[in-house]
Amino acid sequence: MLVLTFLALPGCALRPGPEVLAVVPDESSAASFVTIDVVTNRRFDVMSHSYSDLRSHKLQLERFTLSVPPNHKLTRIEWSKGDPDPAKKFVVTEREIRPTSELGTASVAAGAVRLKPGKRDVVIFVHGYNYNFQESLFRLAQLVADGGLDDAPVLFAWPSAASVTGYVADRDAITYSRDDLVHVLNTLAGQPQVGRITLFGHSMGAMLVVEALRQLRLTGQDRTIERLGDVVLAAPDIDIDVFRRQMEIIGPLDPPLTLLVAPDDRALTISARLTGSRSRLGTRDVQDPRVQALAKINGIRVIDISDVTSPDATMHSRFVGLVTVFPRMRGERDPVLVQAGAFVLEPLAAVLIPAH
């Protein structure tokens, strides 16, 4: 009970319901806009006009445009309460549902990527445990807005129970969703209009990402893996021994697979208790010689992000604060970003320091 009480603390405020997905026309020239393409195996709920935690045996496809208020503060999501006000809150300004019958091999890519002339890079966000649909959608909008990302954002929304007590159900949903994520990756990788594909998984979503990579390797779909640019696992909720076995199959990636870790991640500490005191990958200490050896052997980049400010008390969502750091690192073209090894992130200087 103490564990469940602690986990529930960050969510004491009312969680956003499906009403935040209602379309609100925004004519404000001061607002900026983010368009996100969603691929989901959540079941569509006609009554709420949203997606539930029930599992769909078919992929659903929808495009959302959200406006970002001019007073938006970095790392925050300004949720609407009552009457939505685009001048002060995130709101949905457009949405387009694509019929399930059109979800063929080509139409997934055509609908999931907002193409520009020539090739367009894509970033796929795979959310973590205890997310409802609207939370994952608005979180990606915030990340795109704060990071100034030019990549076409795609949300892969898997059917999380969105409940503190739904940990086991979410782990089952990860296994259920693996083939669907593989299908999306194969489809996007096969499109000539799609450029570099960045795959970003948070928490339990990181487990889904690694399982998809393992599935691709086991089935000989190496060309899809070669189309991937960065693969980032933020606070990965993965058993450390399971991860070693997964990497034996996947092998080194180019660029190296990136792990964002923090030993003081309280949510992962509790996750370890829920899974029988099995330590989680996301709490690795980069100063540990065994971690450094793991990074070297598998060609992995392990980055300690403990100094990044967390938006919640669990210290589990530091990836949200990274959007203020990584754009500067990209701008400097830090050569360390293409290296494997163990590093500590110094947020103020936006540099990686090798761990010793």
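Heads up: the structure comes first, above all this text.
Residues numbered from 1 in each chain as written. Predicted model: local features only at pLDDT ≥ 70, side-chain atom pairs only at ≥ 80, totals over all residues. Heavy atoms only, no water.

## Focus on the packing of aromatic side chains
Centre distance and the angle of the planes are the two values used to describe a pair of aromatic rings.
Link 1 in the chain: Tallying each qualifying case throughout the model produces nine aromatic pairs.
Link 2 in the chain: One aromatic cluster is present, formed by Phe-44, Tyr-51, Phe-64 and Phe-133 through successive ring pairs.
Link 3 in the chain: One cation-aromatic arrangement involves Arg-55 over Tyr-176; the distance from NZ or CZ to the ring centre is 5.5 Å. (Phe/Tyr/Trp six-rings, centres within 6.5 Å; stacked < 30°, edge-to-face > 60°. Lys NZ or Arg CZ within 6 Å of the ring centre and 35° of its normal.)

## Overview of helix H4 (residues 167-189)
Side chains of residues three or four places apart in an α-helix project in the same direction, reflecting 3.6 residues per turn.
Link 1 in the chain: Look at H4: 32 Å from first C-alpha to last across 23 residues, which is about the 33 Å you get at 1.5 Å a residue.
Link 2 in the chain: Maximum bend of H4: about 40 degrees, positioned at Ser-177. (Helix = DSSP H or I, 4+ residues; strand = E, 2+ residues; numbered from the N terminus. Expected span 1.5 Å × (residues − 1). Bend = angle between axes of the 7 residues up to and from the residue.)

## What about the sheet that holds strand S3 (residues 91-98)?
Link 1 in the chain: Overall, mixed pairing links the 11 strands, which are arranged S3-S2-S1-S5-S4-S6-S7-S8-S9-S10-S11 in an open sheet. Two strands bound the open sheet, and with one partner strand each, they are S3 and strand S11 (351-354). In this sheet, adjacent strand axes meet at a mean angle of 25 degrees when their direction is disregarded.
Link 2 in the chain: With three bridges connecting them, strand S7 (residues 228-234) and strand S8 (residues 257-261) associate as parallel partners. The residue bridging Leu-233 from the neighbouring strand is Leu-259, located in S8. (Pairing = 2+ DSSP bridges. Axes fitted to C-alpha atoms, helices over the stretch in contact; angles between N-to-C directions.)

## Side note on the pattern of salt bridges
Link 1 in the chain: The final tally for this structure, using the stated rule, is 10 salt bridges.
Link 2 in the chain: With a shortest N-O distance of 2.5 Å, Asp-37 and Arg-63 are connected by a salt bridge. Residue Asp-37 is found in strand S1 (residues 32-45), and its partner Arg-63 is found in strand S2 (residues 50-68); the two are separated by 26 residues along the sequence. The exposure classification of Asp-37 matches that of Arg-63, with both residues buried.
Link 3 in the chain: With its nearest N and O atoms 2.9 Å apart, the salt bridge here joins Arg-290 to Asp-288.
Link 4 in the chain: The class of Arg-290 is exposed, set by a relative accessible area of 63%. (Salt bridge = Lys/Arg side-chain N within 4 Å of Asp/Glu carboxyl O. Buried < 20%, exposed > 50% of the residue type's maximum accessible area, 1.4 Å probe, protein only.)

## Topic: empty space enclosed by the protein
Link 1 in the chain: Using the criterion set out here, one finds one cavity of 30 Å³ or more in the structure.
Link 2 in the chain: For the largest cavity, the calculated volume is near 60 Å³.
Link 3 in the chain: As for the largest cavity, its lining consists of Ala-234, Ala-235, Leu-260, Ala-262, Asp-265, Ile-305, Met-315, His-316, Ser-317, Arg-318 and Phe-319.
Link 4 in the chain: Classifying every residue of the lining of the largest cavity by side-chain character gives seven nonpolar, two polar and two charged. (1 Å grid on protein atoms, 1.4 Å probe; cavity = no way out; pocket = protein on both sides within 12 Å on 5 of 7 lines; lining within 4 Å. Points joined across faces, edges and corners; volume = space filled by probe spheres on them. Nonpolar A, V, L, I, M, F, W, Y, C, P; charged D, E, K, R; others polar.)

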